[in-house]
Amino acid sequence: MGKPLNVGIVGLGAISGQYLETFATLDTVRLVAVADMVESRAAEVAAEQGVRALTVDELVADPEVDLVLNLTIPAAHAEIALKAIAHGKATYGEKPLAATIDQAREVVDAARRAGVSLGCAPDTVLGTGVQTARKTIDDGAIGRPIAATATMVTPGHERWHPNPDFYYLPGGGPLLDMGPYYVSTLITLLGPVESVVGSASRSRDTRTIGSGPRAGETVPVEIFTHVTGVLRHTSGALSTIVMSFDTVATHASNIEVHGERGSMKVPDPNGFAGDVLLHSLGGEWTTVEPSAGYVGAGRGFGVADLAAAEPGTGGRANGDLALHVLDVMTSLLAAADSGETVEVTSTCERPALVPLTEARQRSAKSPG
């Protein structure tokens, strides 16, 4: 095994705790520095982790840092990534890759020119849930895939989030917030998308905060809060997607995939594990034993996968995939707005399957 990848984290909000917990279990990743706009927060985490607290500019330039983990708000994703890349650092960020598709392309192009690795969440697709579903398809258990459905419905994040404003402003909404998990999974299972059609609506112009010190305050709604569309994959399969902040509940599966000889239920793509259910033609629903994926994975395994991949590739949760996911989502919003079919101009390789990998095997070489 080679030396661990030295990581510096920029942005120490709530999600950073999950990454820190995961990194403590990995032998291929080592935290060396942290930075945050709130200096006291950086100092607190640095003391807890036994690492250095730096400014953002210091961290992205620090010679000890191999990879900058960008956990800032979406509006800052491109800025931080470009700073890190300019200093020759590998970069991995929370989803989305950038706030706009143009910014995302700029980041991907910069990483390619610099020859550095670029990765992006979600890495939930690397767990045993989605990867077992992927292997089940690859093994021919459902025959040729024909269609898939993806459903995420909720009455809205303002019910629980004390500051939900950004969910209802441009760059927010159910598709851009939760869609990366679902679209990344659909691409992992069925390959890249070539075109989309869609419709969308907004149920009301304001939302009322339901918890915290601002409870009862209303916030404006400037985006679509219910989005439905059809993605045409280059393989010929069609995926129907429903993302909503307007609906109360559902019995629908998070994701189902249907083929000529069977159907399959895929677990929640916002998690790493869960049961894959298979129904063969003429049979009944049965549970598929985990057969692929990182066992016991958590947020941060995308960084470990990048560390094990060839330099400059980004591993399986790479920048090309993240760019394509964002392109699919923004194209779907454009299709919903125009009522026309929109061609998706980007593409990506279908990421390589993750073999069933126990904790002691995490440092094994993986395809880029």
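Residues numbered from 1 in each chain as written. Predicted model: local features only at pLDDT ≥ 70, side-chain atom pairs only at ≥ 80, totals over all residues. Heavy atoms only, no water.

Turning our attention to the nonpolar core. In this structure, Ile9, Leu69 and Val257 are the most contacted members of the largest nonpolar core, which totals 96 residues. In terms of residues, this core owes the most to one element, helix α7 (residues 174-190), which gives ten residues. In this structure Leu69 touches Val7, Gly8, Ile9, Val10, Tyr19, Phe23, Tyr92 and Val303, once residues within four positions along its chain are discounted. Grouped together as the second largest cluster of nonpolar side chains are twelve residues, Val10, Val32, Ala35 and Val68 included. (Core = buried A, V, L, I, M, F, W, Y, C linked by side-chain atoms within 4.5 Å. Buried < 20%, exposed > 50% of the residue type's maximum accessible area, 1.4 Å probe, protein only. Helix = DSSP H or I, 4+ residues; strand = E, 2+ residues; numbered from the N terminus. Contact = heavy atoms within 4.5 Å.)

Strand order in the open sheet formed by six strands is β3-β2-β1-β4-β5-β6, and the pairing between neighbours is parallel. For this open sheet the edge positions go to β3 (52-53) and β6 (118-120), each flanked by a neighbour on one side alone. Bridge analysis of strand β2 (residues 29-35) against β3 gives two bridges, and the strand direction is parallel. Bridge pairing in β3 places Val34 opposite Ala53. (Pairing = 2+ DSSP bridges.)

By the bridge criterion, five bridges tie strand β7 (residues 145-153) to strand β13 (residues 255-259) in an arrangement that is antiparallel. Note on β13: the bridge partner recorded for Ala148 is Val257. Here seven bridges tie β7 to strand β12 (residues 238-244), and the two strands are oriented parallel to one another. If you follow Val153 over to β12, its bridge partner there is Ser244.

Tallied over the entire structure, the rule returns five aromatic pairs. Measuring from ring centre to ring centre gives 6.2 Å for Tyr19 and Phe23, while their planes differ by 70°; the resulting arrangement is edge-to-face. Residue Tyr19 and its partner Phe23 are located together in helix α1 (residues 16-23), separated by four residues, close to a single helical turn. Judged by its relative accessible area of 6%, Phe23 is buried. When the centroid spacing of 5.4 Å and the interplanar angle of 55° are considered together, the rings of Tyr294 and Phe301 count as tilted. A relative accessible area of 6% places Tyr294 in the buried class. Classification of Phe301 as buried rests on a relative accessible area of 2%. Among the aromatic side chains, those forming a connected cluster through ring pairs are Phe166, Tyr167, Tyr168 and Phe245. (Phe/Tyr/Trp six-rings, centres within 6.5 Å; stacked < 30°, edge-to-face > 60°.)

One pass over the structure, following the stated rule, counts 22 salt bridges. Note that Arg52 is salt-bridged to Glu64, the shortest N-O span being 2.7 Å. Separated by twelve residues along the polypeptide, Arg52 in strand β3 and Glu64 in the loop between α3 (56-61) and β4 (67-70) bring together distant segments of the chain. The exposure class assigned to Arg52 is partly exposed, which follows from its relative accessible area of 31%. Judged by its relative accessible area of 30%, Glu64 falls in the partly exposed class. Where Arg214 meets Asp165, a salt bridge forms, and the shortest distance between an N and an O atom there is 2.8 Å. Taken together, the positions of Arg214 in the loop between β9 (206-208) and β10 (218-220) and Asp165 in the loop between β7 and α7 put the pair 49 residues apart, joining distant regions of the chain. It is possible to trace a salt-bridge network through shared partners that takes in Arg30, Arg52, Asp62 and Glu64. (Salt bridge = Lys/Arg side-chain N within 4 Å of Asp/Glu carboxyl O.)

Counting through the fold element by element, Ser199 comes out in strand β8 (residues 193-201). On a C-alpha basis, the gap between Ser199 and Leu333 in space is 8.0 Å, while along the polypeptide they are 134 residues apart. The residues touching Ser199, leaving out its near neighbours within four places in the chain, are His226, Val227, Thr228 and Ala336.

Where helix α4 (residues 74-86) meets helix α5 (residues 101-114), the axes come as close as 10 Å, and the angle between the chain directions of the two elements is 10°. As judged from the angle between their axes, α4 and α5 are roughly parallel. Across the interface between the two elements, Ala78, Ala81, Leu82 and Ile85 from α4 touch Gln103, Glu106, Val107, Ala110, Ala111 and Ala114 from α5. Of the residues belonging to the contact of α4 with α5, the class tally is eight nonpolar, one polar and one charged. (Axes fitted to C-alpha atoms, helices over the stretch in contact; angles between N-to-C directions. Parallel < 35°, antiparallel > 145°, perpendicular 65-115°, else oblique. Nonpolar A, V, L, I, M, F, W, Y, C, P; charged D, E, K, R; others polar.)

Along α1, the residues that are buried comprise Ser16, Tyr19, Leu20, Thr22 and Phe23. Projected down its long axis, α1 shows its buried positions confined to an angular sector of 165°, all on one face. As for α1, its buried residues are in contact with β1 (5-10), β2, α2 (39-49), β4, β5 (90-93) and α8 (301-308). (Arc of directions from axis to C-beta.)

Quick look at the environment of Val230 now. Mapping Val230 onto the fold places it in strand β11 (residues 226-233). A relative accessible area of 29% places Val230 in the partly exposed class. Here the alpha-carbon distance between Val230 and Ser195, two residues 35 residues apart in the chain, equals 8.5 Å. In this structure, Val230 is in contact with Ser195, Val196, Val197, Leu238, Ser239 and Thr240, ignoring residues within four places of it in sequence.

Attention shifts here to the state of the cysteines. Throughout the structure, instances matching the rule amount to zero disulfides. Here Cys120 is not disulfide-linked; the sulfur of Cys348 is the nearest cysteine sulfur, at 12 Å. (Disulfide = S-S within 2.5 Å.)

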